[in-house]
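In case you want the letters, here they are:
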Amino acid sequence: RRELMFFLDVHGDEELPFNFLAGGEGVPNSWNARMEHLHGAFLSHYARTNSDMQIPIAYEPEGAGQGRMNVCSNQIMSRFDCLAATLEMPFKDCMSNPDPERGWNPARAKMLGASVLDPLLYVGPFLREGGEFWKDAFDEKDEYVRPTADYKS
């Protein structure tokens, strides 16, 4: 039997000058403690793996049960009960790790893409785990952080 265990949609963002994950916080009947802990652990490990990834800045999460189901990652999370997110990369330079000479460029984008494998391996054994697995699998450095789009204040 084959099943979807993880989904990552990759985009470029025109507004926020950061690399970030847009999660499924508002997906009806899907965002729960399991998803929150998987998302937190995946993103935390991603940021530890690649200095171009950061945690606190992203789209404001949608309210519980109010996720837009026309967003691909939300639809996938809902249909397959799997960890799903959208990776957004800036069209401008990345403010959390600026490179004044080259800005955000194809080489950095490729490295960000290649480095997604390490956090996937980190959470992989738990993607279909039941119960409160996170209590033994992850620690406080992997906790979910509610993002904000407000990076100017």
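The structure this text deals with has already been given above.
Because the structure is a prediction, the values reported are computed rather than measured.

(A) Local environment of the sheet that holds strand β2 (residues 20–22). Taken together, three strands build an open sheet; the order of strands is β1-β3-β2 and the sheet is mixed. Each of the sheet's edge strands pairs with one partner strand only, and the pair in question is β1 (6–13) and β2. For this sheet, the mean inter-axis angle between neighbouring strands, taken without regard to orientation, is 30°. Bridge count for β1 against strand β3 (residues 83–90) is eight bridges, and the pairing is parallel. Residue pairing in the sheet places Asp-13 in a bridge with Pro-90 of β3. Sheet strands in contact with helix α1 (residues 33–49) are β1, β2 and β3, and its direction is about 35° off that of β3.

(B) Molecular detail of the nonpolar core. Grouped together as the largest cluster of nonpolar side chains are 21 residues, with contacts concentrated most on Phe-42 and Val-123. For this core, the secondary structure elements donating two or more residues are α1 and β3. Looking at which element gives the most residues to this core, the answer is α1, with five residues. Excluding its chain neighbours within four sequence positions, the residues that come into contact with Val-123 are Leu-38, Ala-41, Phe-42, Leu-83 and Phe-138. If you look at the next biggest cluster of nonpolar residues, it comprises nine residues, including Val-27, Ile-76, Cys-82 and Tyr-144.

(C) Seen up close, the pattern of salt bridges. Inspection of every chain in the model, using the stated rule, returns eleven salt bridges. The salt bridge involving Asp-52 is made with Arg-108; its shortest N-O contact spans 2.6 Å. Of the two residues, Asp-52 is situated in the loop between α1 and α2 (72–80) and Arg-108 in helix α3 (residues 106–114); the sequence distance between them amounts to 56 residues. The class of Asp-52 is buried, set by a relative accessible area of 7%. In this structure, the salt-bridge partner of Glu-62 is Arg-68, at a minimum N-O distance of 2.6 Å. Several salt bridges converge on common partners, so that one network encompasses Glu-3, Arg-34, Asp-81 and Arg-128.

(D) Layout of α2. Among the residues of α2, Ser-73, Asn-74, Ile-76 and Met-77 are the ones counted as buried. For α2, the angular spread of the buried residues around the axis is 165°, confining them to a single face. On its buried side, α2 packs onto β1, α1 and β3. Directly after α2, the chain includes Asp-81, whose backbone phi takes a positive value near 50°.

(E) Region of the structure containing the environment of Gly-26. On the secondary structure map, Gly-26 appears in the loop between β2 and α1. Placed 95 residues apart in sequence, Gly-26 and Leu-121 show a C-alpha to C-alpha distance of 25 Å. The contact partners of Gly-26, leaving out residues within four places of it in the chain, are Glu-62, Gly-63, Ala-64, Gly-65, Gln-66 and Gly-67.

(F) Spotlight on the packing of aromatic side chains. Within this structure, the stated rule accounts for ten aromatic pairs. When the centroid spacing of 5.7 Å and the interplanar angle of 40° are considered together, the rings of Tyr-122 and Phe-138 count as tilted. One end of the pair, Tyr-122, is in helix α4 (residues 117–123); the other, Phe-138, is in the segment after α5 (134–137), and 16 residues separate them in sequence. Feature note: the residues Tyr-122, Phe-126, Phe-133, Trp-134 and Phe-138 constitute an aromatic cluster, connected by ring pairs.

(G) Main features of unusual backbone geometry. At Asn-29, a position not held by glycine, the phi torsion is positive, near 60°. With respect to the helices and strands, the residue Asn-29 is situated in the loop between β2 and α1. For Asn-29, a relative accessible area of 82% puts it in the exposed group. In this model, Asp-81 sits at a positive phi of 50°, which is unusual for a non-glycine residue. By the element assignment, Asp-81 lies in the loop between α2 and β3.

Conventions used here
- Residues numbered from 1 in each chain as written.
- Predicted model: local features only at pLDDT ≥ 70, side-chain atom pairs only at ≥ 80, totals over all residues.
- Heavy atoms only, no water.
- Pairing = 2+ DSSP bridges.
- Helix = DSSP H or I, 4+ residues; strand = E, 2+ residues; numbered from the N terminus.
- Axes fitted to C-alpha atoms, helices over the stretch in contact; angles between N-to-C directions.
- Contact = heavy atoms within 4.5 Å.
- Core = buried A, V, L, I, M, F, W, Y, C linked by side-chain atoms within 4.5 Å.
- Buried < 20%, exposed > 50% of the residue type's maximum accessible area, 1.4 Å probe, protein only.
- Salt bridge = Lys/Arg side-chain N within 4 Å of Asp/Glu carboxyl O.
- Arc of directions from axis to C-beta.
- Phe/Tyr/Trp six-rings, centres within 6.5 Å; stacked < 30°, edge-to-face > 60°.

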